[in-house]
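Observations on the three-dimensional arrangement
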Amino acid sequence: MLIQIPPRSHCPSSEITPESVYLSRRRFLGAGAVALGAAALPAWARAETPRYAGVEPGQAPAWFAQKLADTRWQAVEAPGEAITPFRDASHYNNFYEFGPDKGDPAANAGQLPTEPWTVRIDGEVGKPGQYALEDLVRPHALEERIYRLRCVEAWSMVIPWLGFPLAELLKRAEPTGNARYVAFETLVDPEHMPGQRSRFALLDWPYREGLRLDEAMHPLTLLAVGMYGRVLPNQNGAPLRLVVPWKYGFKSIKSIVRISLTERQPYTSWQNRAPEEYGFYANVNPAVDHPRWSQKRERRLPSGLFSPNLRDTLPFNGYAEEVAGLYSGMDLTREY
Amino acid sequence: MKHLLWRCCVFVAALLPPPYWLYQAWTFALGPDPGKVLLERLGQGALILLLLTLCLTPLQRATHWSGWALVRRQLGLWCFAYACLHLLAYLVFVLGLDFAQLGGELQKRPYILVGALAWCSLLPLALTSNRFSMRRLGRRWKPLHRLVYAALGLALLHMLWVVRSDIGQWLLYFAWALFLLALRLPGVGRRLGHRAGTP
């Protein structure tokens, strides 16, 4: 009875190289850099024990493992919310660079090289430049933030991210008086991103997103380098992604290679694809319907077949107290 | 009964997928949002069965094997059964049986309306697929059953509207449908039969 007709993009589980194996070379190189001293620290050992059930330990670069030692765990919590199992958060993803189906990112993202990684910071800043990821992260202490994530397709999760406020990075780049928006770009790498090779993709690459400067500077806006106490899996936007918890998931751009401060509202990929469906602001709002998915309610994942985990959607995804002030005086049915 | 084994095989092949998917959904083998996956598979299944049903007449013409036509009604009814399950999955897993919402959804979301119309155009075909109706409708039966082309067009439009980022898979179905329709153009169909040695 176990007849399965897997999609062509699927490879049997026997052919999948475990993450621990294909990353072991990097780990070997990384471990050489930190030398044995770091490995002997008790903090290192603590970091190796998974903090959440079912977490496959990722093989982190040395700088990340070092950062874990003084991470502020549970700096932001989601009281009364059950955390989505790691397996679901890492195997149910929209990351169209790796394919259109929810399972495609986990199946196809493993081979994306995330080390070395550089991020260009440019535009209306005093200190533009091209920065190695570890240099970008070095001055910042990591925090664990447990945030609700709400997709515009009406499903949601609760995910413990590891990262630091985007505001800290922007301040270091010294925005000029002209800076009013922040624009982001995802990597273009058709060799490792099969979705970018598709001739039938409706999105244009690189994937681009943007925020108004005050949204970007808001203390809840996070640049994440990890989740569930480990590095980000590639399908979740390794090695650097944005998390804006009061907006629909598509605003939280993954695998960032460029951050530009601009005077004008930046171009965004989804707005270009279907402006009536994906506005620039994209705040979670049960009162403003998406043309295809009602936003009044959501399915919190995992959602069983006959015990669907349906719940009412909250304005600003439950973060209204913190962020509603950013939009005072705006008509959010027009600026959706 | 002619080709009994063949008909039984088609029956079993069409019957098995939904209970198997249900079992997978039950065991979370379909991921954390099984209702959504089930919904999509049933919809796709209905479309594939519709396209398969429309393959039978050209196949019959090309090969002269009577087995093709013998399963046409069966496959058509299976298509309707999948469409009904797809509709049921929508009502249960997406609407949560909140029928007050249904009216609003039909008004606001054209792709849902188009899907409903596709289902509505299959309904009379399923209801009149028995011998009694065929006899009663007589010469009107055939024109009525041309509604299948409307159902096909509406189903494809319904699916196109759901696509979020990559249109590749939809184009495959669309090309398949175009091919089947082209085979039904008067000139083309005759040549197909001719090549296979039609008198």
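For the structure given in this document, a descriptive report is provided here. Since this is a predicted model, take the numbers as computed values, not measurements.

1. Comments concerning the overall build of chain A
- Secondary structure summary: chain A contains twelve helices and 13 strands in total.
- With 336 residues in all, chain A has 54% of them scored as buried.
- Of the contacts made within chain A by residues no fewer than 6 positions apart, 73% connect residues no fewer than 24 positions apart.
- Taken as a whole, chain A presents about 15,000 Å² of accessible surface, with 53% of it coming from carbon and sulfur.

2. Considering unusual backbone geometry
Residue and element names in this part refer to chain A.
- Look at the link from Ala238 to Pro239: it is a cis peptide, with omega at -5°.
- Mapped onto the secondary structure, Pro239 falls in the loop between strand S9 (230-231) and strand S10 (241-243).
- Leu301 connects to Pro302 through a cis peptide bond whose omega is 0°.
- Along the chain, the position of Pro302 falls in the loop between strand S12 (297-300) and strand S13 (310-312).
- The phi torsion at Ala154 lies on the positive side, around 75°, for a residue other than glycine.
- On the secondary structure map, Ala154 appears in the loop between strand S4 (143-150) and strand S5 (155-165).

3. What about the environment of Pro110 of chain B?
- By the secondary structure assignment, Pro110 of chain B is in helix H7 (residues 110-127).
- Spatially, the C-alpha atom of Pro110 of chain B lies 20 Å from that of Val92 of chain B, the residues being 18 residues apart in sequence.

4. Considering the interface of chain A and chain B
- Opposite the 38 residues of chain A that make contact, chain B presents 31 residues.
- Both faces combined, the contact of chain A with chain B buries some 2,900 Å², and carbon together with sulfur accounts for 56% of it.
- The tally of links from chain A across to chain B stands at four salt bridges.
- We note a salt bridge from Glu153 of chain A to Arg164 of chain B, for which the minimum N-O separation is 3.0 Å.
- Run the count over chain A and chain B and you get 19 residue pairs in polar contact (both at pLDDT 80 or more).
- Residues of the side of chain A that touches chain B, tallied by class, amount to 23 nonpolar, seven polar and eight charged.

5. Some points on the nonpolar core
- Trp161, Phe184, Leu242, Trp246 and Ile259 of chain A are the most contacted members of the largest nonpolar core, which totals 134 residues.
- In terms of residue count, helix H3 (residues 34-63) of chain B provides more of this core than any other element does, twelve residues in total.

6. A few points about the packing of H3 of chain B against helix H11 (residues 168-183) of chain B
Residue and element names in this part refer to chain B.
- Contact geometry of H3 with H11 gives a least axis separation of 10 Å together with a crossing angle of 30°. Put simply, H3 runs roughly parallel to H11. For H3 against H11, the interelement crossing comes out left-handed. Residues Gln44, Leu47, Ile48, Leu51, Leu52, Leu54, Cys55, Pro58 and Arg61 of H3 lie in contact with H11, whose contacting residues are Gln169, Tyr173, Trp176, Ala177, Leu180 and Leu183.

7. Topic: helix H2 (residues 17-26) of chain B
All names here are of chain B.
- Buried within H2 are the following residues: Pro18, Tyr20, Trp21, Gln24 and Ala25. An end-on view of H2 places all buried positions within 160° of arc, on one side of the element.
- Against helix H1 (4-15), H3 and helix H5 (72-94) lie the buried residues of H2.
- The first or second residue beyond H2 is Phe28, which carries a positive phi of 60°.

8. Some remarks on the packing of aromatic side chains
Residues and elements named next belong to chain A.
- Tallied over the entire structure, the rule returns 21 aromatic pairs over all chains.
- Centre to centre, the rings of Phe86 and Tyr228 are 5.2 Å apart; their planes meet at 75°, and the pair counts as edge-to-face. Of this pair, Phe86 sits in helix H5 (residues 86-91) while Tyr228 sits in the loop between strand S8 (222-227) and S9; the two residues are 142 residues apart in sequence, bridging distant segments of the chain.
- Measuring from ring centre to ring centre gives 5.2 Å for Phe250 and Tyr278, while their planes differ by 85°; the resulting arrangement is edge-to-face. Residue Phe250 is found in the loop between S10 and strand S11 (256-262), and its partner Tyr278 is found in the loop between helix H11 (269-273) and S12; the two are separated by 28 residues along the sequence.
- The exposure class assigned to Tyr278 is buried, which follows from its relative accessible area of 0%.
- Connected via pairs of aromatic rings, a cluster forms that spans Tyr181, Phe280, Tyr281, Phe316 and Tyr327.
- In this arrangement the basic side chain of Lys251 is found over the ring face of Phe280, its NZ or CZ atom lying 4.1 Å from the centre.

9. Digging into the pairing of S8 of chain A
Residues and elements named next belong to chain A.
- The buried count for S8 comes to six of six residues, which makes it a mostly enclosed element.
- Pairing analysis gives five bridges linking S5 to S8, with the strands arranged antiparallel. Looking at the pairing, Leu162 lines up with Gly226 of S8.
- Note: S8 against S10, three bridges, orientation antiparallel. Residue pairing across strands places Ala224 opposite Arg241, the latter belonging to S10.
- With two bridges connecting them, S8 and S9 associate as antiparallel partners. Counterpart to Gly226 in the pairing with S9 is Val231.

Here is what the cut-offs are and how they apply
- Residues numbered from 1 in each chain as written.
- Chains lettered and ligands numbered in written order.
- Predicted model: local features only at pLDDT ≥ 70, side-chain atom pairs only at ≥ 80, totals over all residues.
- Heavy atoms only, no water.
- Helix = DSSP H or I, 4+ residues; strand = E, 2+ residues; numbered from the N terminus.
- Buried < 20%, exposed > 50% of the residue type's maximum accessible area, 1.4 Å probe, protein only.
- Contact = heavy atoms within 4.5 Å.
- Areas by Shrake-Rupley, 256 points an atom, 1.4 Å probe, with all protein chains shown as cover.
- Buried area = accessible area lost by both parts, 1.4 Å probe.
- Salt bridge = Lys/Arg side-chain N within 4 Å of Asp/Glu carboxyl O.
- Polar contact = N/O pair within 3.5 Å; in protein donor to acceptor, adjacent residues only side chain to side chain.
- Nonpolar A, V, L, I, M, F, W, Y, C, P; charged D, E, K, R; others polar.
- Core = buried A, V, L, I, M, F, W, Y, C linked by side-chain atoms within 4.5 Å.
- Axes fitted to C-alpha atoms, helices over the stretch in contact; angles between N-to-C directions.
- Parallel < 35°, antiparallel > 145°, perpendicular 65-115°, else oblique.
- Left-handed = near helix turned anticlockwise from the far one by under 90°.
- Arc of directions from axis to C-beta.
- Phe/Tyr/Trp six-rings, centres within 6.5 Å; stacked < 30°, edge-to-face > 60°.
- Lys NZ or Arg CZ within 6 Å of the ring centre and 35° of its normal.
- Pairing = 2+ DSSP bridges.

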